[in-house]
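The lines below spell out each chain.
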Amino acid sequence: MRNALFRRILSSLATLALTGLAAATLLRVAPGFDVEASELDGRTSAETLRQMRAARAGEQDILSFYGRYLQGALRGDLGKSRSYEVPVMGLIRERLPVTLRLIALGLAGAWTLALLFALANVAWPGLNTGLNLLTAGMLSVPAGLVALLILIGQGPVALGLAIALFPKLFSYSRGLFQQNAGAGYALAARARGLSAGRYLGRYVVWPAGPALLAILGLSVNAAFGGAILLETICDLPGVGQLALQAALARDLPLLVGMTLFVGALTVSANAVTDLASLYLVRSRSGQ
Amino acid sequence: MKRLAAGLLIALALAMVAGQFLVPARYDQQFRESTDALPGGDHPLGTDELGRDRAARLLAGARVSLLLAPAASVLAIALAAMLGLSAGWFGGWWDRVVTTLIDLMISVPIFLVLITARAVLPLNVSPISSVMITFLLLGLLGWAGSARVIRGACQTHLNSDYILRALASGSSRTRILLVHLLPNLWPVLRTQFILAVPGFILDEANLSLLGLGVAEPLPSLGSLLKELTHLPSSANWVGLAAPALLLAITVGAFEFLLPPKEGAS
Amino acid sequence: MKFLILLMAGTLLAADPVILKMCLRSEPKTFHPLKADEEASETVRFLTAGTLLKINRKTQLREPSLAAKWKTADGGKTVKFELREGLQFSDGTPFTAEDVVYTFQQVAAIRSGFTDSLRQGEATPVATVTGKHEVTVRFAELTPGWERLIDGLGMMSAKSPLGEKAVMGAFMVADHKPGQYIALGRNPHYWVRDAQGKALPKVDQIRLDITANRDLEVLRFKRGEVHMINKVEPDIYQALATQMPEAVRNAGVSFESEQLWFNQAGKAPIPAYKLEWFRSPVFRRAVSESIRRADLAKIAMKGLAVPGVGPVSPGNTVWFNQKLTADVYAPTVALEKLRKAGFQKKSDGLYDAGGHRVEFSIVTNAGNKTRERLAAMIQADLGEIGIRVNVVTLDFPSLLERITRGFNYEACLLGFTNVDQDPNGQMNVWLSSGATHAWSPNQAKPETAWEAEIDKLMKAQARTVVLAKRKEMFDRVQAIVHEQAPFLYLVHKNVLTAVHPSVRNSLVTVLFPHVFSNAEQIELQGLGTYRTAR
């Protein structure tokens with residue numbers, strides 16, 4: 001177990017470093033990397049344009065840039081944002097609470113609803129049609145509309161995130177539960193006259209544990225993806241909004257810093273859920 | 001219920017094929033004297049802000065998206081199944097490679113790939129080929145989440161009693177894979193597929209921000225769904241909501257038609 | 001206990017600060033007055049910087065500001081400014097003639113679009129102290145319209161430890177959260193008083209929220225959480241006009257335009273036969289005459305624009321060439337001209353003399369609904385004469401790269417905003433050697449006779465003082481551009497703004513800034529009590 005833990009941490013770190021490099025390379029090769037909107041300004045002279053372009057020369061070689069960047073990152077310095085001209089670390093620190101709160105509330109809401117509805121569906125299969133239609137409807141509405149309606153109704157933005165995450169979590173956990181409920185040993189237990197609560201808990205939910213854990217890590221990631229969209233539309237000053245702006249503004253230090261930071265969060269979330277599900281599986285097979 | 005769902009899908013397929021006969025207007029014809037028209041008369045769903053018939057656009061958009069999104073989903077899920085299954089099955093270093101790849105795909109801002117993809121595409125590609133390329137890219141890049149889920153499910157099953165029993169009774173590995181594992185993974189694959197279809201359709205709409213959405217004058221379900229955000233200030237809510245309704249019906253019909261499980265052991 | 005009561009009374013008595021709220025579309029790139037080149041930075045500069053003189057945005061006349069008066073000499077090359085006495089920067093540092101000299105030295109040292117507009121070749125104006133409160137500014141060459149440049153030149157302090165943060169305007173930057181907001185507090189040392197002798201500005205703070213989301217901005221405007229919108233998009237204006245008719249203001253035709261141009265750059269990586277079409281004035285004019293401009297204005301711009309005429313909008317009454325009119329829709333005439341030039345209309349489309357099908361792509365920036373509508377309408381119009389148009393939307397940096405670096409595009413649809421009212425402000429657009437001579441920039445020598453003529457006229461008008469003479473020359477430039485159509489002007493937008501009914505004294509002007517050119521005079525009334533009826 002300890003060995004597995006150690007290996008997992010090492011590979012997570014390697015993944016993280018790769019992620020940052022991939023983001024930096026992608027931004028570097030994306031068109032418009034070193035063009036400023038002021039190049040369209042009819043007043044700007046050729047000499048000024050030349051000097052503006054020369055100022056960006058330090059970011060041209062991506063490998064040496066990334067090497068320097070990682071050295072700084074190890075010291076806790078994520079560089080200075082080009083578009084905001086302030087340290088990236090400060091920007092993230094300032095905006096992180098907004099996003100963490102949004103993601104936490106959205107995830108909690110989505111998971112609670114998803115598990116409750118999935119269980120209800122297994123307990124009362126008659127709900128199937130209604131719930132199918134509900135999820136189909138929720139999958140078919142763009143998040144932009146949900147966000148706009150929340151803005152107009154001045155509702156909580158986290159509700160939008162919960163709505164966006166719910167259908168996937170629900171479909172997935174319902175599938176797992178239904179599969180478990182249909183398994184031979186579960187049916188046999190039911191036939192033995194086990195109480196509904198114990199039957200659901202022991203034969204439907206409990207065996208789904210590892211698979212649910214696997215998707216828990218993923219849902220953290222999906223929540224961050226949703227936060228980008230919702231924060232942008234609802235103008236919530238979180239890190240999600242910042243990530244999109246960094247890419248659109250071709251802000252290399254900010255984007256790499258954001259990717260490393262968000263990558264660290266998601267890679268560790270995935271690693272933790274992986275290890276937890278590994279532990280669950282092993283402890284059970286050891287029974 | 002299944003019959004109803006099948007009936008709806010067949011009706012939809014017929015409508016898409018026979019679109020020209022149902023709605024006489026072309027999807028790109030601009031009736032400039034009647035822009036933003038309400039439903040009725042010549043235009044059953046009204047017209048959009050350029051005076052184009054919403055019904056014609058809905059049928060054309062549905063044709064584009066409902067053919068391409070499932071295709072992209074099949075591609076993505078196939079990739080996911082191949083990687084997730086092999087990672088779970090072989091384990092070891094291959095598992096670590098796949099896990100790293102998945103984490104990388106999830107954490108890296110993929111839309112930078114899409115921006116770059118637009119940049120290397122020639123400018124004079126027809127709208128239909130550009131939207132096909134978009135869905136192809138979505139399919140090629142959208143497998144990571146599903147792969148992770150499939151890998152997780154695969155591991156769970158490999159450790160479960162029935163596989164262990166099958167192994168103990170001396171079944172060959174191929175037999176275990178084909179007879180025991182795959183059928184049990186079916187519900188996961190099915191769910192991932194059904195979720196991916198509307199996901200890709202909406203993704204395509206959001207890509208218009210990066211210039212990779214469908215090109216004028218071709219409509220797609222995604223670009224039509226995006227107009228839903230005008231709902232609060234528009235009088236034509238029927239015309240605006242119709243694409244969402246169509247998509248919901250299609251997704252719902254898939255839910256009923258694809259059996260949730262197959263040969264549970 | 002007594003302390004607590006005192007404390008409570010104190011909080012009750014202290015009036016809430018009066019905060020005027022607006023939105024910026026993007027993060028200002030800088031707060032440095034000489035580096036401000038884009039709209040967000042220019043907004044902050046306008047509200048914080050003090051200048052020697054001001055152009056009244058309503059009357060378009062010059063008004064004294066930090067300089068009480070001035071006199072020109074040497075045929076207009078030298079200006080002698082007499083400064084007001086006893087003025088201070090926002091941190092209390094006295095404002096002196098040395099500060100003016102310092103500011104002009106900074107102009108020479110700093111490179112930006114703004115300082116380039118004061119540069120002639122590589123030379124910048126030189127200021128010298130010629131009296132206790134007197135500064136003489138000497139331009140390297142004659143600079144007609146110099147007043148409008150001085151109007152943008154925010155005075156900097158030579159001595160203040162705060163550097164460029166010490167300002168002479170009504171407001172100063174008090175707080176800034178990158179990507180979120182900028183709070184401008186009142187400048188305690190601001191020198192202008194109102195008619196009753198009371199200190200200005202009237203509001204305590206201007207809060208500029210940074211948001212690119214225009215739907216959200218208008219939603220907050222309707223709730224009274226945003227007080228003014230400087231530029232309202234046509235769609236939003238139309239909706240707002242029915243919901244809050246008392247709040248929308250249409251100031252008439254702006255100086256801005258939306259335009260389409262073909263890539264004529266020799267090094268463009270596009271097929272040679274296409275480059276040949278694009279370089280043919282017959283082709284460009286035929287395309288221009290096959291576009292229904294009236295429809296563009298009516299449908300794409302919701303009727304809140306006029307058909308495009310030329311480089312100068314009819315809204316710019318000083319410089320507009322009255323003899324020009326927007327191209328009339330005449331597809332048969334256009335086709336006839338094309339036929340004479342060797343093009344051939346077949347049943348499936350238009351072909352050139354070499355048998356190539358006439359097809360090109362129009363690039364524009366993604367996410368701009370107005371431009372996407374314009375492009376889709378042009379696509380439909382040109383389809384009628386057999387030209388196949390592909391509309392390609394790109395994210396802005398990708399678009400910039402194509403039109404400024406690789407020249408890998410065929411036609412581009414963009415709007416030029418913030419257009420200077422004086423032709424000198426567009427020098428680099430019209431000179432064939434200019435970097436922003438969009439259709440074929442940085443020419444070593446003019447590639448065509450008409451570009452050579454424009455070069456000559458533009459240079460000549462810059463050396464002329466008499467306005468009527470300059471106008472005559474620039475009229476000719478406008479006529480050439482209309483005739484040769486390097487830019488196809490599509491529409492001139494209206495200046496659309498929104499001012500909440502709780503705002504008093506706002507001056508709505510065609511010139512930028514459209515709603516707050518008199519920011520120090522603006523008041524808020526019925527704060528917090530005003531509710532829209534709907």
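Refer to the structure presented above.
Conventions used here
- Residues numbered from 1 in each chain as written.
- Chains lettered and ligands numbered in written order.
- Predicted model: local features only at pLDDT ≥ 70, side-chain atom pairs only at ≥ 80, totals over all residues.
- Helix = DSSP H or I, 4+ residues; strand = E, 2+ residues; numbered from the N terminus.
- Buried ≥ 20, exposed ≤ 12 C-beta atoms within 10 Å, placed from the backbone.
- Contact = placed C-beta atoms within 7 Å.
- Pairing = 2+ DSSP bridges.

Residue and element names in this part refer to chain C. Following the sequence through the fold, His500 ends up in the loop between strand E20 (487-499) and strand E21 (503-504). By C-beta crowding, His500 is classed as buried, having 23 other C-beta atoms within 10 Å. Measuring from C-alpha to C-alpha, the distance between His500 and Phe171 comes to 21 Å, with 329 residues separating the pair along the chain. Setting aside residues no more than four positions away along its own chain, His500 makes contact with Phe221, Gly224, His227, Met228 and Ala247.

What is expected of a backbone is that most residues other than glycine have negative phi and most peptide bonds are trans. Pro217(B) follows Glu216(B) through a cis peptide bond whose omega is 0 degrees. Looking at the secondary structure, you find Pro217(B) in the loop between helix H9 (173-206) and helix H10 (221-226). Omega for the bond connecting Leu200(C) with Pro201(C) falls within 30 degrees of zero, at -5 degrees, which places this linkage in the cis form. Here the phi dihedral of Phe407(C) falls at roughly 55 degrees; this positive angle occurs in a residue that is not glycine. Considering the arrangement of structural elements, one finds Phe407(C) in the loop between helix H13 (396-406) and strand E19 (411-416). Non-glycine residue Asn505(C) carries a positive phi angle of around 75 degrees. By the element assignment, Asn505(C) lies in the loop between E21 and strand E22 (523-524). The class of Asn505(C) is partly exposed, set by 13 C-beta atoms lying within 10 Å.

Along any regular strand, the residues point their side chains to alternate faces of the sheet. Residue and element names in this part refer to chain C. For strand E13 (residues 257-262), the buried fraction is high: six of the six residues fall into the buried class. Along E13, one buried face is formed by Ser257, Gln259 and Trp261 and the opposite face, lined by Glu258, Leu260 and Phe262, is buried too. Judged from the six bridges that link them, E13 and E19 form a sheet pairing that is antiparallel. Opposite Glu258, over in E19, you have Gly415 as the bridge partner. When E13 meets E20, the two strands line up antiparallel, connected through four bridges. Opposite Glu258, over in E20, you have Val491 as the bridge partner.

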